[in-house]
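# A closer look at the structure
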Amino acid sequence: MDMKNINLEDKEREFQAKIDADIRIEPNDWMPDSYRKTLIRQISQHAHSEIVGMLPEGNWVTRAPNLRRKAVLLAKVQDEAGHGLYLYSAVETLGADREDTIDDLHSGKAKYSSIFNYPTLTWADMGTVGWLVDGAAIMNQVPLCRCSYGPYARAMVRVCKEESFHQRQGFEIIAGLANGTPEQKELAQDSLNRWWWPALMMFGPSDENSKHTAQSIKWKIKRETNDELRQKFVDVTVPQAEMIGLVIPDKDLKWNEEKQGYDYGEINWDEFMNVIQGNGPCNKQRVDARRNAKENGMWVREAATAYAEKRQAKKAS
Amino acid sequence: MEINKQDALFEFVLRIADDSLILGHRISEWCGHGPILEEDIALTNIALDFVGQATNFYDYAAKVEGKCRTADDLAFLRFEREYKNVLLVEQPNGHFGDTIARQFFFDVFRKLFFEELAKSTDEELAGIAEKSLLETKYHLRHSSEWMIRLGDGTEESHAKIQESVDTLWRYTGELFFSNEVDALLLNEKIGVDIAALKRPWEKQVREILGEATIEIPAHAWQQAGGRTGVHSEHLGYLLTELQYMQRAYPGMEW
Ligand SMILES: [Fe+2]
Ligand SMILES: [Fe+2]
Ligand SMILES: [Fe+2]
């Protein structure tokens, strides 16, 4: 073994020791290449999810039923854009380029949360998305506030505060509908029926099929497994549905006294894999929308750059 | 035509609210489709300000009217001919330059208008105007900066924004519309001398367009009609979308 390798092994050992001692890794600290790559992949996927996530909700901004709901929805979508922005900044601290990662999204190389490939068909979906999707996002993200990588952990602290606000707003919409007219209650139930399983899929493949989990947990990029988080989500959400008189669309759902949690039915993993591979109901539409936004806006960016350069030149002369 | 003070005030406030609602709606159509993420955030934020302004002005209009209608009733449950916004704000978004030019023309007007309205003897109205003025200054800075960047950016952006200005110029004259409603309220020191805003508007617009190397269109023809409820064909579709939930599920709360 040559000196270079010995050094690398020492560095890796030192790095793992820091992680084990819960010392945060900062951008200028040494880190293994694979740690950096994993983080770039995970954080940029998270950023893309925030941005693509603007689309299903943006779909109802112009049709919100009253002024207050319109304002709240706009504010929520604006928050999601802000989350995207912090997360892209966190990616850049790892030496990745924001626009390169965005181009990966547009080419289909980079993934984003599978949930946003489902359509928002009724106003009730604005409630369900907040309640379940932001709810699941919180489950996923609260542990990330203790992630080993400093900039990501700090971004998550900020993001989680806003996500829990979104979750409450969403639940408030759905609770109102569930207690509203029969038509409104039906809207709420139909929406829950459509979103429940896709929401459970948000936690990713089951632990036995999750290829990244073990290493990520060792690095404290991930602090709980997919199945652990999914179980927590089910346990928190089922009583909420019961409280407002909605039925979770799972005939196998029942309380398990021994594990002090709910047992739930088998997730349709074929559907999940299909959506991940680009065959969900809205995959093409979502990615096209984002790509078009960039392509149609290219002349605007170019103008801004050209103008800035002219200004710079004028100053210099 | 005789008009009493209450009716005049209702009409006057409605015009302001409708301008805010319809423009806010248009900007919100950009949500998720902006040319860069930072602009998505800025445009959503501006849309949000306009929805907030609309809410404040509708609330007040409802109070002035005194017929138990709410802000939401006014925003969502009138018919096309009852909306009193100017034609400019209902024009489609087009490309980013079209949206920015529409915004810029309106922002220059709105800032001048709110500066005057903030001096109204109607304290409630003055209060809403003052709050809205703060936001409007930010909107104007945003739209002016983009006018300059696009105008003095690339050849392509210059051509595009010049075309936007040429197209939208015909809707700017209506910003200065006034009739007996304004005359009566001006007399009562509640309203604004809208005609007097035209010169400062032109001056400020010329200044920014000059810096942006954009030419002021030579044609002088001006379209009008919005303030009297005679709109462009675009408004009907906008309202269809805006009112969908209220029309589909009458009388329900959300
Ligand atoms: Fe978010
Ligand atoms: Fe998130
Ligand atoms: Fe959220």
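Further up the page is the structure itself.
Described below are features of the structure shown in this document. Just so we're clear, the structure is a prediction, and the values are computed from it rather than from any experiment.

## Observations regarding the packing of aromatic side chains
The description of an aromatic ring pair uses the distance of the two centres, along with the angle that the planes make with each other. Using the criterion set out here, one finds 26 aromatic pairs over all chains in the structure. Between F96 of chain B and W146 of chain B the ring centres are 5.1 Å apart and the planes differ by 85°, which places this aromatic pair in the edge-to-face class. Of this pair, F96 of chain B sits in helix 5 (residues 96-117) while W146 of chain B sits in helix 6 (residues 123-151), placing them 50 residues apart in sequence. Of the residues examined, F96 of chain B reaches a relative accessible area of 2% and is grouped as buried. Taken together, the ring pairs connect F12, F50, F57, F104, F105, F106, F109, F113, F114, W169, F176 and W201 of chain B into an aromatic cluster. Sitting over the ring of W60 of chain A, R63 of chain A keeps its end group 3.7 Å from the ring centre. The ring centre of W146 of chain B lies 4.5 Å from the NZ or CZ of R149 of chain B, which sits over that ring.

## Things to note about the coordination of the iron ion (ligand 2)
Residues and elements named next belong to chain A. Within the protein, H46 (NE2), E50 (OE) and Q141 (NE2) serve as the donor atoms for the iron ion (ligand 2), at 2.1 to 2.8 Å. Donor residues for the iron ion (ligand 2), ordered by position in the chain, follow H-x3-E-x90-Q. The two metals, the iron ion (ligand 2) and the iron ion (ligand 1), are separated by 3.7 Å and share E50 as a common coordinating residue. Highlighted residues: H46 and E50, both in helix 2 (residues 33-52), separated by four residues, approximately one helical turn.

## Some words on the coordination of the iron ion (ligand 1)
Six octahedral donors around a metal ideally make angles of 90 or 180 degrees; four tetrahedral donors ideally make 109.5 degrees. All names here are of chain A. Around the iron ion (ligand 1), the donor atoms from the protein are E50 (OE), E80 (OE), H83 (ND1) and E163 (OE), and they sit 1.9 to 2.2 Å away. Taken together, the four donor atoms coordinating the iron ion (ligand 1) and their angles of 89 to 134° define a geometry best described as tetrahedral. Between consecutive donor residues of the iron ion (ligand 1), the sequence gaps follow E-x29-E-x2-H-x79-E. Residue classification places E163 among the buried residues on the basis of a relative accessible area of 2%.

## Here's the deal with the interface of chain B and chain A
Contacts between chain B and chain A engage 48 residues on the former and 44 residues on the latter. For the pair chain B and chain A, the summed buried surface comes to about 4,000 Å²; carbon and sulfur atoms form 69% of the total. The tally of links from chain B across to chain A stands at three salt bridges. Between D40 of chain B and R290 of chain A there is a salt bridge, with its nearest N and O atoms 3.8 Å apart. At the boundary of chain B with chain A, the tally comes to eleven residue pairs in polar contact (both at pLDDT 80 or more).

The rules behind each value
Residues numbered from 1 in each chain as written. Chains lettered and ligands numbered in written order. Predicted model: local features only at pLDDT ≥ 70, side-chain atom pairs only at ≥ 80, totals over all residues. Heavy atoms only, no water. Phe/Tyr/Trp six-rings, centres within 6.5 Å; stacked < 30°, edge-to-face > 60°. Helix = DSSP H or I, 4+ residues; strand = E, 2+ residues; numbered from the N terminus. Buried < 20%, exposed > 50% of the residue type's maximum accessible area, 1.4 Å probe, protein only. Lys NZ or Arg CZ within 6 Å of the ring centre and 35° of its normal. Donors = N, O, S within 2.8 Å, 3.2 Å for Na, K, Ca; no water. Tetrahedral: all angles 85-135°; square planar, octahedral: opposite > 155°, others 65-115°. Contact = heavy atoms within 4.5 Å. Buried area = accessible area lost by both parts, 1.4 Å probe. Salt bridge = Lys/Arg side-chain N within 4 Å of Asp/Glu carboxyl O. Polar contact = N/O pair within 3.5 Å; in protein donor to acceptor, adjacent residues only side chain to side chain.

Purely geometric stuff here, so don't read any function into it on its own.
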